[in-house]
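An overview of the molecular structure
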Amino acid sequence: MNVPLLDLKAQYDSIRSEIEPVLKEVIESQYFILGPKVKACEEEIAKYCQVPHAVGVTSGTDALLMALMAENIGEGDEVITTPYTFFATAGSIARMGAKPVFVDIDPVSFNIRPDRMEEKITPRTKAIMPVHLYGQMADMDPIMEIARKHKLIVIEDAAQAIGSEYKGKRAGSIGDYGCFSFFPSKNLGCFGDGGIVTAKDVSKAEKLSILRAHGSHPKYYHKIIGGNFRLDALQAAVVSVKLRHLDRWTAGRQANAARYDRLFASSHAMKNGFVRLPVTAASRHIFNQYVIRVSRRDELQKHLKDKGIGTEIYYPVPMHLQECFAYLGHKKGDFPESEKAALETLALPIYPELTDEQAQYVIACIQEFYST
Ligand SMILES: *Cc1c(COP(=O)(O)O)cnc(C)c1O
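This one's a predicted model, so the numbers in the text were calculated from it and none came from an experiment.

Conventions we followed
Residues numbered from 1 in each chain as written. Predicted model: local features only at pLDDT ≥ 70, side-chain atom pairs only at ≥ 80, totals over all residues. Heavy atoms only, no water. Near = heavy atom within 4 Å. Polar contact = N/O pair within 3.5 Å; in protein donor to acceptor, adjacent residues only side chain to side chain. Areas by Shrake-Rupley, 256 points an atom, 1.4 Å probe, with all protein chains shown as cover. 1 Å grid on protein atoms, 1.4 Å probe; cavity = no way out; pocket = protein on both sides within 12 Å on 5 of 7 lines; lining within 4 Å. Sits in = over half its atoms within 2 Å of the grid points. Nonpolar A, V, L, I, M, F, W, Y, C, P; charged D, E, K, R; others polar. Pairing = 2+ DSSP bridges. Helix = DSSP H or I, 4+ residues; strand = E, 2+ residues; numbered from the N terminus. Contact = heavy atoms within 4.5 Å. Axes fitted to C-alpha atoms, helices over the stretch in contact; angles between N-to-C directions. Domains from an automatic or database assignment. Buried area = accessible area lost by both parts, 1.4 Å probe. Salt bridge = Lys/Arg side-chain N within 4 Å of Asp/Glu carboxyl O. Right-handed = clockwise from strand over helix to strand, strands pointing away.

**Considering the site of the ligand**
Around the ligand lies a shell of 16 residues, among which G60, T61, D157, S181 and K186 are the nearest. Between the ligand and the protein, one listed contact pairs a nitrogen atom with a side-chain N or O atom of D157 at 2.8 Å. Note that an oxygen atom of the ligand is positioned 2.8 Å from one of the side-chain N or O atoms of Q160. Contact with the protein chains removes 93% of the 380 Å² of surface that the ligand exposes when unbound. Here the ligand is seated within the largest pocket. Its residues assigned to classes, the shell around the ligand shows 6 nonpolar, 8 polar and 2 charged.

Structure representation (structure tokens):
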């Protein structure tokens, strides 16, 4: 049996009749950059994320970069973040010329530990960039308390977390900025690259809109330097159609996670401690990934590949051990929980269209691996 990590064709088949007319409409209008589709998408996402403003941008990576640009964070500044994330988080900080200052993760949630943050704050610290990894929000109450106390900006990297909640509050609605990605493999993906930044404060949202178009305001007059960070109308139109299905897809992912939990609970792979399941602490986990901790991870991944099952390692090398960040002077052992997670974790197929038969097959193949 074939079980891909993600099956975007299955998703497309289910919404083809809604998407195609909208794409045709944009093409007929020949209005490709910003415009009414982007505006509508921004309003819908802002509402969905329970935040007043949203600005459509070119990608999740640029969303992070723009939030930093909007706060003039650069040379000589420090930003606190997690070493266990996708590269863009630390990459955007470094690209602005600022220094990513890492704080290790909690081994259960895989998210940054707020209780280790304050010791890393210096007079140069300007912002905290927590990541809501795998679809579960970071522990935002203590993070916001630290931010208020030290007057720091909070930029949520919510690229994996659209619609996830922490104590009833949506990702992107707690910090000063929420940065989302519409990369196709995210829970709400478009047909290429795209992203959005949410903001509570209208002046921050206005600055983002200006930065997105080269800092031009009014047109051809530049008080600040921006770039071309515009979301295009075709992508916005896709996002708007897909957003109508997002809660149903999220429910599908949650049901798949619950089914894995059930199937694993009665497996000897679990009973013998070879597999440890993800634990949900947040009030709404949207399962962008279902990530287990396992023994002999790389061998298991190979075994599953031979059986036709797609898995992924998110992420094999924590940021502090990346070659490009050698100048930060970190070494192995500096962030032990991140390093351990990088060696032990494996993401299983969790996409909404996954069938009962496929899930049972995944579990059976994992069982088989640990019986030999
Ligand atoms: C995907 C992702 C990004 C980057 O989004 P892109 O749209 O691919 O640029 C940033 N941070 C995290 C945690 C991500 O998963």
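Now, onward.
**A short note on the sheet that holds strand 11 (residues 290–294)**
Spatial strand order, 10-11-12: 3 strands in an open sheet with antiparallel pairing. Single-partner strands in this sheet number two, and they are strand 10 (275–276) and strand 12 (345–348). Relative to strand 11, strand 10 runs antiparallel, the two being bridged by 2 bridges. Directly across from R276, in strand 11, lies its bridge partner R293. Contacting strand 11 and strand 12, helix 10 (residues 297–306) crosses the sheet at an angle of about 25 degrees to strand 12.

**Here's the deal with the domain arrangement of the chain**
Here the chain is partitioned into domain 1 (8–243) and domain 2 (246–371). Each of domain 1 and domain 2 has a C-alpha centre, and these two points are 25 Å apart. Approximately 3,400 Å² of surface area, both sides summed, lies buried where domain 1 meets domain 2, with 60% of it carried by carbon and sulfur atoms. Our enumeration of links across domain 1 and domain 2 arrives at 0 salt bridges. At the boundary of domain 1 with domain 2, the tally comes to 23 residue pairs in polar contact (both at pLDDT 80 or more). Here the element with the most residues in the side of domain 1 that touches domain 2 is helix 4 (residues 87–95); it accounts for 4 residues.

**What to know about the sheet that holds strand 4 (residues 125–129)**
Where strands meet in a sheet, backbone hydrogen bonds hold them as pairs that are either parallel or antiparallel. Strand order in the open sheet formed by 7 strands is 1-9-8-5-4-2-3, and the pairing between neighbours is mixed. In this open sheet, the two edge strands, each paired with only one partner strand, are strand 1 (53–57) and strand 3 (99–102). For this sheet the average axis-to-axis angle between neighbouring strands, irrespective of direction, equals 25 degrees. Lying on the sheet, helix 5 (residues 140–150) is in contact with strand 4 and strand 5 (153–157); it crosses strand 5 at an angle near 150 degrees. Helix 6 (residues 202–212) rests against strand 1, strand 5, strand 8 (177–181) and strand 9 (195–199) of the sheet, and its axis sits at about 15 degrees to strand 1.

**Observations concerning the pairing of strand 3**
As judged from the 4 bridges shared by strand 2 (residues 78–81) and strand 3, these two strands associate in the parallel manner. Considered in strand 3, the bridge of E78 is made with K99. Since strand 2 and strand 3 lie parallel, the crossover through helix 4 that links them has a hand, and here it is right-handed.

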